[in-house]
Amino acid sequence: MAELEWQGPIEPGSLRRALRQALRRTSTGWRVVAEEFLAATTPIDLLAIGESGELICIRATEPDADDGGARQLASAISDLSWLAPRISDLHKLAPELGLSPLALPRVALFAPEFAPDVAAAAEHLSRLLGRDRIGLARYRPLRHQGQLTLLLEPVKSEFAARTSPRSSAHTPPPTSTAPPARTLVDPPSPSAFRTGLTEADLLSEPPVPA
Amino acid sequence: MPRDLADVLHYFLPELEEGPGSAPPGDAPRTSAEPVAPPSNLGPALSSSLPPLPVLGLPIGERDVVRAALAWNLSVETARLGASTILLAPDSDRGSPLWPEPGVGPLGCELLFCPAKDLLGLYETAMELATRQAREAKRGGIVFVRIPTEWLQEADMLWEPMRWMLLLSGAGPRDLDETAGLARTLYERHPMLELGVTLHGVESIAEARNAFDALAQRTDSETTRPLISYGLLVDDLHVYRAIAAQRPVGLAHPQSPAARALMDVARLLYEDARSRVLG
């Protein structure tokens, strides 16, 4: 696969475009609505709306960054606190986007590699905040027909896995019947088909009685 | 750094500010049915500081009244979402049953003809319109272009300008075969192309999903390129009535399944178009 690896630098615009295309394949419920959306201090690479109408802040680290994703994680925490009080205003100003004023924003971070402590910190924070509000995914840049293509892989912290109560032999398995929490980056969907319709939308309205 | 929401709202909405050379707001919309002259040189047009509106190519045969009607209705529904939309077709379509009368139509959607004789000429005109319209389009938009399917068969055609196309496909085996063949041809000739598919003539979401999945899987195996899903459309009686009356389905029968499906596909197209303008 070495001949498929992307060689050389990656322009930020190319990275955003490739990420958007990769998300189209892997996270079909996400709708990207803006690029380089200026947040508190720095622009957010992509801003998307998730299946529940939640705002998703997406940041991608370029391959030559060498901080293991620490700066990105700091920006993500800042993004969450900056976006949360603005959700209802954004909903009023752009109702056609399908943004839910009740849904809390999430962040999705992408990098070629995350340092173990960064991954553990992100997982711990995500657990504190609830609902998988911070998630990480690695990307692998490939060259496909001359174009930059990204392969995405969700990251789970080894530290968090070791310290998780669920992994402890002394703790009984969870008995909750609640559905499992969603991972930040959805697993590759078997279908990339998109529609906002339900079967009920395709039924003709019954005639109104006179 | 303290910020006000108004400072950054334009990043979210994406409202495109008017440039210094933009037309005055009092300019009347173009209503002439005269053909749009192809630009002699794209340089000045492309040098504008504002990004042009995305151009969406739709391959439609010269007698394909249903696909033409769906394309026109999609442009109207996209306009209903707040977008600025233009539907451009070759001058040879003038007077054909494919289209209603040219000019500004429902919700400001504009139908124009141009004397282009090939794909390059058509695309150049579309880009000229896309650049011009970007100055006035507060909330972005799309230039829809009807591409005669026979033009796509020309071996020496210049493909480079093509970036974004939508194939309207039936869900039957024969329709899917044709669409898969066209997708393969388009992808082989143009590595930069992004190709979308909308399934029409379906009766359920499951039918559309299965058809799209089969098509996407086949295209992936033949070209290793993805297809973008743009939902489904319904060819119910309201569509045919609207075609006969040359009225948009969304205005004539707003509660019909066909109108709901058109709105949904228009939303998908508009969201991608806004992302493109920002990108």
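It should be noted that the structure appears before, not after, this text.
Residues numbered from 1 in each chain as written. Chains lettered and ligands numbered in written order. Predicted model: local features only at pLDDT ≥ 70, side-chain atom pairs only at ≥ 80, totals over all residues.

J.: Hey, could you run me through the overall build of chain B in this one?
T.: Helix and strand content of chain B: nine helices and eight strands. Here chain B, with 279 residues, has 49% of them falling under the buried criterion. When contacts within chain B are restricted to residue pairs at least 6 apart in sequence, long-range pairs at least 24 apart make up 76% of them. (Helix = DSSP H or I, 4+ residues; strand = E, 2+ residues; numbered from the N terminus. Buried ≥ 20, exposed ≤ 12 C-beta atoms within 10 Å, placed from the backbone. Contact = placed C-beta atoms within 7 Å.)

J.: What am I meant to see in the environment of A208(B) here?
T.: Within the element layout of this structure, A208(B) appears in helix α6 (residues 205-223). Take A208(B): there are 27 C-beta atoms within 10 Å of it, and that puts it in the buried class. A208(B) has contacts with F193(A), A171(B), L199(B), V202(B) and L232(B), leaving out every residue within four places of it along the chain.

J.: Any chance you could explain helix α5 (residues 173-189) of chain B here in plain terms?
T.: In an α-helix, one turn spans 3.6 residues, which is why side chains three or four residues apart end up on the same side. Residues and elements named next belong to chain B. Between its terminal C-alpha atoms α5 stretches 24 Å, which fits the 24 Å expected from 17 residues at 1.5 Å a residue. The set of residues buried in α5 consists of T179, A180, A183, L186 and Y187. Burial along α5 is one-sided: seen end-on, the buried residues are contained in an arc of 130°. The exposed set on the far side of α5, more than 90 degrees from its buried face, consists of R174 and G181. Of the surrounding elements, those touching the buried residues of α5 are β6 (164-170), β7 (194-200) and α6. (Expected span 1.5 Å × (residues − 1). Arc of directions from axis to C-beta.)

J.: Would you mind showing me how to read the interface of chain B and chain A here?
T.: A common way to express how large an interface is: the accessible area buried when the components associate. Opposite the 38 residues of chain B that make contact, chain A presents 36 residues. Mapped by element, the contributors of at least two residues to the side of chain B that touches chain A are α1 (5-12), α6, β8 (228-233) and α9 (257-278) of chain B. For the side of chain B that touches chain A, the element with the most residues is α9(B), which contributes ten residues. Looking at the side of chain B that touches chain A residue by residue, the classes come out as 22 nonpolar, eight polar and eight charged. (Nonpolar A, V, L, I, M, F, W, Y, C, P; charged D, E, K, R; others polar.)

J.: So what exactly am I meant to see when it comes to the pairing of β7(B) here?
T.: Regular strands place side chains that alternate from one sheet face to the opposite one. Residues and elements named next belong to chain B. Counting buried positions over the seven residues of β7 gives seven, a clear majority of the element. The alternating pattern of β7 places E194, G196, T198 and H200 on one face and L195, V197 and L199 on the opposite face, and all of these are buried. Of the pairings in the sheet, the one linking β6 to β7 comprises seven bridges and is parallel in character. Bridging across to β7, G170 finds its partner in H200. Crossover β6 to β7 through α5 is right-handed. Summarising the sheet, β7 and β8 pair through four bridges and their orientation is parallel. (Pairing = 2+ DSSP bridges. Right-handed = clockwise from strand over helix to strand, strands pointing away.)

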